[in-house]
Amino acid sequence: MDSYRNFIKNNENQMLSLLSELISIPSVMGEATDTFPFGEKPAQTLSVILSTASQMGFTVTNRDNYYGTVDYLPDASSEPSLAVLCHLDVVPEGKGWTYPSFSLTEKDGMLYGRGVTDDKGPAVSVLFALYAIKKLGVKLSKGVRLIFGTNEENGSADIKHYLRNEKMPSMVFTPDASYPVINCEKGMARMNFSAKISNCDIISIHGGQVINAVPSDAEAIINSKYYDSAKAFIEGSNNGCVYSISERGDTVSIITKGESAHASTPENGINAITGLLQLLCSLDISDNTTAKLLSDIVRLYPHGETNGNSLGVACEDESGALTCVLSLIDAKHGKLTFSTDTRFPRSMSCDELKNKINESISKTDITLSDFSGTEPHYTSPDSFLAKTLLSVYEEETGIKGECLSIGGGTYVHGISGGVAFGVEHPGKDYRIHGADEFVPSSEFYDNTVMFAKAIEKICR
Ligand SMILES: [Zn+2]
């Protein structure tokens with residue numbers, strides 16, 4: 001048995017007891033005060049892990065309860081070369097738990113509780129990995145900094161605070177996503193559009209709940225004179241949506257059901273909004289402005305298309321294909337607004353996307369009222385950091401490692417030289433953000449060994 005594994009074996013109880021203490025604090029974002037930027041609970045978890053690290057003999061700092069650092073440097077004057085980034089805040093428990101959500105349960109080789117995988121478990125593993133290196137007297141020539149943030153789930157204001165205040169090491173990895181290594185994350189843009197609509201034909205339209213998902217529900221209230229043509233469309237339609245139509249006095253309600261999916265993988269969903277618009281567009285609407293508006297939206301965002309082709313923004317490279325979802329819509333009192341979530345590959349930029357969209361809508365009455373975007377994130381797969389992490393993954397799992405590109409953003413998005421490394425294994429669902437979030441106990445310890453070896457290889 002190698003020395004790291006042996007050390008971890010002898011420290012299992014301490015690891016479990018720290019994890020248990022962290023899980024028992026419901027560190028969901030709370031109300032900000034002068035002392036606690038994200039509420040009291042996230043700060044409480046930070047103080048627990050920092051005091052453990054301090055007892056282990058590390059140099060610790062708490063930065064205004066935004067985040068804390070744990071440093072292990074070969075000599076006190078040196079700067080850390082590697083940062084490992086974890087977060088201690090969690091999402092709310094939600095419904096449907098079999099086990100207590102804010103108490104660690106160990107059963108049949110599994111650990112259950114909110115945060116065991118995302119991301120308190122990895123935080124404990126990383127701390128004990130560094131402790132193993134220290135206690136076993138492993139010689140490092142480069143310094144290591146662990147960063148424990150407390151706002152990952154709500155916009156990562158912790159990292160923004162870090163970048164305002166101190167220097168980030170040139171190599172950073174976060175065990176807050178998946179193995180093997182994620183080196184490329186698409187850019188993301190959220191756009192709001194608006195237009196005028198007459199409300200004598202279309203009384204209201206409403207669809208979608210959040211901007212980052214394919215909408216599963218949409219409803220329109222329309223003038224009852226369109227009842228027959230709406231019914232005819234529904235009978236002839238075969239587009240994956242399920243429609244129901246009902247008369248209410250001199251109006252008609254049309255409810256459309258699709259299937260939700262994350263906006264980064266829209267091909268897995270069925271968009272209820274574009275399905276509804278397709279129906280509305282088929283009704284020979286008498287008001288010309290409204291008829292043209294509906295046909296423009298349907299032309300630019302056709303039902304079933306997720307790559308932005310009709311918008312003129314489709315593109316693809318080694319980081320994947322652009323995805324575009326019309327995820328929210330609202331129309332009433334003469335105004336229609338809709339929102340989209342777009343994930344774009346690294347060969348595109350926010351400006352280029354915005355310019356192309358503006359060009360596509362230039363001959364319509366649609367206005368782009370708001371654009372907010374993040375550029376793609378990329379660290380070379382040939383970087384020393386990515387290659388070293390992949391080699392450790394291969395040694396530990398026996399599986400060929402490769403760099404991955406994803407449509408979502410991880411904790412290192414925008415941090416130069418950053419990649420994600422662990423802890424979910426590909427193809428496995430650990431129910432993070434859901435009920436009965438878990439991690440197999442063996443993986444909790446294996447992750448610790450993996451991190452110790454990774455830190456040693458990168459910093460020796
Ligand atoms: Zn996380």
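Residues numbered from 1 in each chain as written. Predicted model: local features only at pLDDT ≥ 70, side-chain atom pairs only at ≥ 80, totals over all residues. Heavy atoms only, no water.

As for the overall build of the protein
Worth spelling out the cut-off: Put simply, DSSP marks the helices as runs of H or I at least four residues long and the strands as runs of E at least two long, and each gets a number from the N terminus on. Throughout this description, buried means an accessible area under 20% of the type-specific maximum (1.4 Å probe, protein chains only), exposed means over 50%, and partly exposed covers the range between. Residue burial considers only the protein chains on display, and all accessible areas are found by Shrake-Rupley using a 1.4 Å probe.
A tally of regular secondary structure across the protein gives 11 helices and 26 strands. By principal-axis analysis of the C-alpha atoms, the protein measures approximately 80 × 50 × 45 Å. The burial tally for the protein puts 53% of its 460 residues in the buried class. For the protein, the accessible surface area stands at approximately 19200 Å², while carbon and sulfur atoms represent 47% of it.

Observations concerning the pattern of salt bridges
The line we're drawing: Any Lys or Arg side-chain nitrogen located within 4 Å of an Asp or Glu carboxyl oxygen qualifies as a salt bridge.
Applying the stated criterion across every chain yields a total of 22 salt bridges. Ionic pairing is found between Asp201 and Lys225, a salt bridge with its closest N-O pair at 3.6 Å. Highlighted residues: Asp201 in the loop between β10 (187-196) and β11 (202-207) and Lys225 in the loop between β13 (217-223) and α6 (227-236), separated in sequence by 24 residues. Overall, the relative accessible area of 52% leaves Lys225 in the exposed class.

A short note on the coordination of the zinc ion
Rules: Only nitrogen, oxygen and sulfur atoms qualify as donors, and only when within 2.8 Å of the metal (3.2 Å in the case of Na, K and Ca); with water excluded, sites may look incomplete.
Binding of the zinc ion to the protein goes through His87 (NE2), Asp118 (OD), Asp176 (OD) and Asp176 (OD), at separations of 1.9 to 2.7 Å. Taken in sequence order, the residues that donate to the zinc ion follow the motif H-x30-D-x57-D. Taken together, the residues His87 in strand β3 (residues 80-87) and Asp176 in the loop between β7 (171-174) and β8 (177-178) connect sequence positions 89 residues apart. Of the residues examined, Asp176 reaches a relative accessible area of 15% and is grouped as buried.

So, the packing of aromatic side chains
How we decide: Here is the rule: rings of Phe, Tyr and Trp (six-membered ring for Trp) pair when centre to centre is within 6.5 Å. Planes less than 30 degrees apart are stacked, more than 60 are edge-to-face, and the remainder are tilted. Only lysine NZ and arginine CZ atoms are considered, and such an atom sits over a ring when it is within 6 Å of the ring centre and within 35 degrees of the ring normal.
In this structure the tally under the stated criterion is 18 aromatic pairs. Residues Phe58 and Tyr72 carry aromatic rings whose centres are separated by 5.7 Å and whose planes lie at 85 degrees to one another, so their mutual orientation is edge-to-face. Residue Phe58 is located in the loop between α3 (40-55) and β1 (59-63), and its partner Tyr72 is located in strand β2 (residues 67-72); the two are separated by 14 residues in the primary sequence. Each member of the pair, Phe58 as well as Tyr72, carries the same accessibility label: buried. Judged by centre distance (6.1 Å) and plane angle (40 degrees), the ring pair of Phe173 and Phe451 falls under tilted. Of this pair, Phe173 sits in strand β7 while Phe451 sits in helix α11 (residues 441-459); the two residues are 278 residues apart in sequence, bridging distant segments of the chain. As far as the burial class goes, Phe173 and Phe451 line up, both buried. Ring pairs connect the aromatic residues Phe173, Tyr179, Tyr393, Phe421 and Phe451, which therefore count as one cluster. It is Lys134 that lies over the ring of Phe58; its NZ or CZ is 5.7 Å from the centre. The residue whose ring lies beneath Arg346 is Tyr378, and the NZ or CZ to ring-centre distance is 3.5 Å.

Here's the deal with the environment of Ala263
When you line up the elements, Ala263 lands in the loop between β16 (261-262) and α7 (272-282). Spatially, the C-alpha atom of Ala263 lies 9.8 Å from that of Val210, the residues being 53 residues apart in sequence.

With respect to α11
Our working definition: Expected helix span is taken as 1.5 Å per residue step, with the number of steps being one fewer than the number of residues.
Across its 19 residues, α11 extends 27 Å between first and last C-alpha, which sits within 8% of the 27 Å expected from 1.5 Å per residue. Taken across its 19 residues, α11 has 15 buried, putting it largely inside the fold.

Considerations on the domain arrangement of the protein
Here is the rule we go by: A domain assignment, automatic or from a database, supplies the domain bounds used here. Contacts were defined at the residue level, with two residues in contact if any of their heavy atoms lie within 4.5 Å. Computed with a 1.4 Å rolling probe, the buried area is the accessible surface lost when two parts are put together, summed over both parts. Any pair of nitrogen or oxygen atoms within 3.5 Å is treated as a polar contact; in protein, a donor-acceptor pairing is required on top of that, and neighbouring residues in sequence qualify only through side-chain atoms on both sides. By the convention adopted, Pro, Cys, Tyr, Trp, Phe, Met, Ile, Leu, Val and Ala count as nonpolar, Lys, Arg, Asp and Glu as charged, and the other residues, Gly among them, as polar.
Split into domains, the protein comes out as domain 1 (3-186 + 378-459) and domain 2 (187-374). Averaged C-alpha coordinates put domain 1 and domain 2 at centres separated by 39 Å. The interface of domain 1 with domain 2 comprises 8 residues on the first partner and 13 residues on the second. With both chains or domains summed, domain 1 and domain 2 bury close to 710 Å², and 59% of this area falls on carbon and sulfur atoms. If you sort the residues of domain 1 by the area they bury against domain 2, Lys186, Tyr378 and Gly407 come out on top, with a joint share of 68%. Applying the counting criterion to the domain 1 and domain 2 interface returns 0 salt bridges. For the interface between domain 1 and domain 2, the tally reads 3 residue pairs in polar contact (both at pLDDT 80 or more). Of the residues belonging to the side of domain 1 that touches domain 2, the class tally is 2 nonpolar, 4 polar and 2 charged.

Let's talk about the sheet that holds strand β26 (residues 438-440)
For clarity, the cut-off: Two strands pair if DSSP finds at least two bridges between them. What counts as an axis is a line fitted to C-alpha atoms, over the stretch in contact for a helix, and the angles between N-to-C directions run from 0 to 180 degrees.
The 3 strands lie next to each other as β4-β5-β26, forming an open sheet whose pairing is antiparallel. If you trace the sheet from one side to the other, it starts and ends with β4 (105-107) and β26, each paired once. Strand-to-strand twist in this sheet, taken as the mean axis angle between neighbours without regard to direction, amounts to 20 degrees. Bridging between strand β5 (residues 110-112) and β26 involves 3 bridges; their strand directions are antiparallel. Bridge pairing in β26 places Met110 opposite Pro440. The strands touched by α11 are β4, β5 and β26; relative to β26, the strand with the most contacts, the crossing angle is about 75 degrees.

Considering unusual backbone geometry
With an omega dihedral of -5 degrees, the bond running from Tyr179 to Pro180 counts as a cis peptide bond. By the element assignment, Pro180 lies in the loop between β8 and β9 (181-185). Here the amide bond leading from Gly422 into Val423 is cis, since omega sits at 0 degrees, within 30 degrees of zero. Its place among the elements puts Val423 in strand β25 (residues 423-424). Non-glycine residue Asp64 carries a positive phi angle of around 55 degrees. Tracing the backbone shows Asp64 in the loop between β1 and β2. Exposure remark for Asp64: the relative accessible area of 48% places this residue in the partly exposed category. One non-glycine residue, Asp108, adopts positive backbone phi at about 50 degrees.

Here's the deal with helix α1 (residues 3-10)
Keep this limit in mind: The arc refers to the directions leading from the helix axis to the C-beta atoms.
Listed in full, the buried residues belonging to α1 are Tyr4, Phe7 and Ile8. Within α1, the buried residues cover an arc of 100 degrees as seen down the axis, which keeps them to one side. Looking at the buried side of α1, the elements it contacts are α2 (12-23), α4 (120-135) and α11. N-cap assignment for α1: the residue whose side-chain oxygen lies 3.3 Å from the backbone N of Tyr4 is Asp2.

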